[in-house]
Amino acid sequence: MKVRRKIVRFLSSLFVVSAVTLYMEPSRGAISMVVCTPASPTILSTGLGYYLAGGVTGSPSYNYTVRVVDPAAASWADITLVRLTIPNSTNIVLRIVDFTPGAVNYDIGGAPGPGTMFLDSGNVNVTASVAGNFNDFTVTFFVTYRWDTPESVWAAARPITAEANSVTSPGIVSAVANTSYGVCSSIRMFNQAQDGEAADGWISPFYTGFNVTSILVYNVPGAGVADNIETRDNGEISGTLLLLDGASTTLTDNTPAALSYAVSNPPVPIPLKATAYDWTIEATMSTPGGPKTTVNALQIRSDEVEVQDISFIGGGGRTTNAVPPKRFYRSVPVPGAQFRVQARMRASLLPMVGNTTVTIETTGGIASGSVVIPNGTNTWDAALTYPLAAAAPVGSTTLILYRASGVSGGATGTQTGSGNILQYAALNYSGIFWDNVDPPGLAGSGNFTNPPPNTLTSQTATSFTLTWKVLDNTCTTAVCPEGDFDTYKLYYKQTAAPTWTVIDKGTNALLANILTSAFDVTGLQPLTNYDYRFSAVDIFGNEVATPPPLGPDDQPFGTISTSATGIEMNISDGITNYQLDSKSGATDLDPVVNYPLRKVNVRVAMKIFTTKNNPENVSLLVADNASDLVAQYGLFPGPGGQATQDNITDASMASARYTYNCLKTGANKWEGYIPDSCPAMVAGNSLRFIVAITLGGATTYEDHEQEPAPPGDHWSKEWRFYVSKNLNLVPWPTKVLNNVLTRNSPICYPAYYLTHDALVTIKVFDIQGRPIATLQDRAFRKAGENIKEGGWYGVNKNGRKVGPGLYYIHIKAEAGSRVLIDKYSKVVVAW
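Residues numbered from 1 in each chain as written. Predicted model: local features only at pLDDT ≥ 70, side-chain atom pairs only at ≥ 80, totals over all residues. Heavy atoms only, no water.

1. Side note on unusual backbone geometry
Put simply, the test is: Helix and strand assignments follow DSSP, with helices taken as H or I runs no shorter than four residues and strands as E runs no shorter than two, numbered in order from the N terminus. For each residue, the accessible area found with a 1.4 Å probe, counting protein chains only, is set against the maximum for its type, and the residue is called buried under 20%, exposed over 50%, and partly exposed in between.
Following Pro266, the chain continues into Pro267 via a peptide bond in cis, with omega recorded as 15°. Structurally, Pro267 is set in the loop between strand 19 (259-264) and strand 20 (277-285). The residue after Gly290, namely Pro291, is reached through a cis peptide bond having omega -5°. When you line up the elements, Pro291 lands in the loop between strand 20 and strand 21 (292-293). The phi angle at Ala157 is positive, at roughly 50°, despite the residue not being glycine. Summarising the element assignment, Ala157 is placed in strand 12 (residues 152-166). Of the residues examined, Ala157 reaches a relative accessible area of 43% and is grouped as partly exposed. Backbone geometry places Leu527, a non-glycine residue, at a positive phi of 50°. Considering the arrangement of structural elements, one finds Leu527 in the loop between strand 37 (518-521) and strand 38 (529-538).

Quick look at the structure:
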């Protein structure tokens, strides 16, 4: 190979450069010969020749000669022109005029005159010398190619032309020397490299240090790297500077044959950038036209791993975004939890460049595992290795926070310390609430068991509504105690039944909402006792403990009784009767206008409707109407809704509430009295009352709105009446008022006066002494008032009218073993 290269160079020197002589026939006054001898270009590694900026080894210039022979010349004054043209992208034209006799050196500059040389075009440094006499002389041009000389690619047989003229010559005489060459005036890096953490061309802004190395060579126009040659080492390059994207790094080296720059941080910070930076080298040259910067570059990228998200998969559980960053719920006893790390290159937004290991730590810097994200991907999973049982004691939920603590491998080198890794969210943490057999509502979280559910606000004949304090759903960046809540769970059954009916989110989606605070249980039987208990379950199946005892962590429980289907209510002062509509939609009217009664023992008679069970006890709860915070009548229904009430059943009403028991007078009939001795029974006062029904130890309360929709309370729509006046009572004798029944007057009224409380029986007999109807059967009546019972309409016990004739009404009143009244009165039926 070396022999072959030498042969190529030899042939090049033979055939590429030639000296051309122009011979002319001798004649008077004519230049007889011009000889052009070009300088030999520098042969590069490919065997091609180039004129190099800065000159050749050992000399700064390339020397071109022109020989001129003019036999007719009489003196130097006869020689008027010697010109040399070197073809280039901009031709180099050198010219000497006005030769000075005996001159040996010519420089460019000055005005035309003796001994003056001109550079007509091109950009080179040049001097000249003349040897011989005016008949036969040689001009030598010493040409130094500058670093701002325009470049040109190598071309074969380029015509370098010499020209001469004299006063004896009829015209310019020229000679051409065909020469193959190109011109080089730029530099490039050769064998450039980066080592250390930049060896792969990537670093992070947290890099420590590395070296950039290179050799400076000529940049050969139109040629490849193999055609380059090192720059001269004879002092042409006086110093170099390493540039980053064209800006100085202040790093220098004066040994261009083997440049090396130690890049460290500081003093050379390389910030993040989406695209690559370019390393270039600027060289200061001895020959004018510099400094020069390498036409090629070595690239370096500054980027870092951005951990976009740390999430968790496997192990069941749940993820919530209630408050950023995301929170995950996992169970200590349930295996399979894994990290999932999502990352990218922060500046370029690329996936990982090289296999990149992300190490994970918990709060307090405890190592928790690592994830290797493969080259070209953004996400990968790995096992979670934190010792969970130690961090989350049994019966508790503990928040463990995780973040990236180190990045290694991959393109950008090592990043350690959480501050050097851009991470997800302001706190740089993702967390798991580790549940270690911890049911909802524990650890003083304000759960629904404190206070227990209140079931008294909403029972109807076929339903009841359970209300409770919702679980704590407050979430902050550090606390979200009930994020693993799954469902509220309601158990209920008839008290005597062996099994529970269960309602949860599987049968009603409402119970899956942690903010749900009330639930309607429907499809029940009227006037029936139901046991209930209530709890909550998390997604891991941990349920609030069952009673007993009822404690802060137990399920609340109790017994409620559904209401009666309806009540028909009659109130009377013995003379005036009001039959009240007690079913849904009853209007709460002003009692002063609509229900005035005298101040006597007011009888309350009622029918309690139910489908199966009958009450064990019935009583009246009575209060002064003024004890309402706002009198309700006239306000409901209305645009403002129901007015605020003082509930008769409240403990605050204990001293203003009066209770009177009722007696059972029939299969579904009950009767009681509000005595005139009641402290609220004052003329000019209004009273309100509700009915308390007890069955199996459980009490329900009934008002005149039996079936509110939706279910509501049963004590704010009280029955009301007005005490219109005091009664100056004149005791009646026992008698029958209107004792002749006709078509126009078909009713008679048994009337009497009691000196003591008594049980009263009133029956009708025919003339043969046979009982045909019963008006009262041991009905309780209060003493000290005239009593006018509901009338007899002349019908038998089957409701059919009796025939005309004489009948007897028997009134009997008994006070224990004492008979107060036992009297028969005649009644004539005449229709």
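More follows now that the structure is in view.
2. Structural notes on the sheet that holds strand 7 (residues 92-97)
What counts here: Two strands qualify as a pair provided that DSSP identifies no fewer than 2 bridges between them.
In space, the seven strands of this open sheet follow the order 3-4-13-12-6-7-9, with mixed pairing throughout. Sheet topology places strand 3 (42-43) and strand 9 (116-121) at the edges, where each strand pairs with a single neighbour. Two elements, strand 6 (residues 79-86) and strand 12, share six bridges in a ladder whose sense is antiparallel. If you follow Thr85 over to strand 12, its bridge partner there is Thr161.

3. Observations concerning the layout of surface pockets
Stated precisely, the cut-off is as follows: The pocket and cavity definitions rest on a 1 Å grid over protein atoms only: a 1.4 Å probe that fits but cannot leave marks a cavity, an open set with protein on both sides within 12 Å along at least five of seven lines marks a pocket, and residues lining either have an atom within 4 Å of a point. Grid points are joined across faces, edges and corners, and a volume is the space filled by probe spheres set on the points.
In this model, the largest pocket occupies a volume close to 820 Å³. If you go around the largest pocket, you meet 26 residues; those closest to its centre are Lys607, Lys669, Thr774, Leu775 and Gln776. Elements with a minimum of two residues in the lining of the largest pocket: strand 40 (566-572), strand 41 (577-580), strand 43 (602-609), strand 47 (669-674) and strand 55 (771-781). A per-element tally of the lining of the largest pocket places strand 55 first, with five residues.

4. Points about the nonpolar core
Note the threshold: Throughout, nonpolar core names a set of buried Ala, Val, Leu, Ile, Met, Phe, Trp, Tyr and Cys residues whose side chains join them through atoms within 4.5 Å.
Tyr64, Phe141, Tyr145, Val263, Ile270 and Trp279 are the most contacted members of the largest nonpolar core, which totals 70 residues. Broken down by element, this core gets its largest block of residues, six residues, from strand 13 (residues 173-184). Counting residues in hydrophobic clusters, the runner-up holds 31 residues, among them Ile571, Leu620, Ile693 and Phe721.

5. Structural notes on the pattern of salt bridges
Basically, it comes down to this: Here, a salt bridge means any Lys or Arg side-chain nitrogen found within 4 Å of an Asp or Glu carboxyl oxygen.
Summed over all chains, the structure comprises 21 salt bridges. In this structure, Asp245 and Lys273 form a salt bridge, with 2.5 Å as the shortest nitrogen-oxygen distance. Pair noted here: Asp245 is in the loop between strand 17 (237-244) and strand 18 (247-253) and Lys273 is in the loop between strand 19 and strand 20, with a separation of 28 residues, a long-range link. Relative accessible area serves as the criterion here: at 39%, Asp245 is assigned to the partly exposed category. Overlapping salt bridges bring together Arg603, Glu671, Arg781 and Glu789 as one network.

6. Digging into the packing of aromatic side chains
The criterion, for reference: Pairing of aromatic side chains here covers Phe, Tyr and the six-membered ring of Trp, requires ring centres within 6.5 Å, and sorts the geometry by plane angle: under 30 degrees stacked, over 60 edge-to-face, intermediate tilted.
This model, assessed by the stated rule, comprises 27 aromatic pairs. With a centroid separation of 6.2 Å and 80° between ring planes, the pair formed by Trp76 and Phe134 is classed as edge-to-face. Pair noted here: Trp76 is in the loop between strand 5 (62-69) and strand 6 and Phe134 is in the loop between strand 10 (124-133) and strand 11 (136-145), with a separation of 58 residues, a long-range link. Accessibility expressed as a relative area gives 12% for Trp76, which makes it buried. You can call Phe134 partly exposed: its relative accessible area is 21%.

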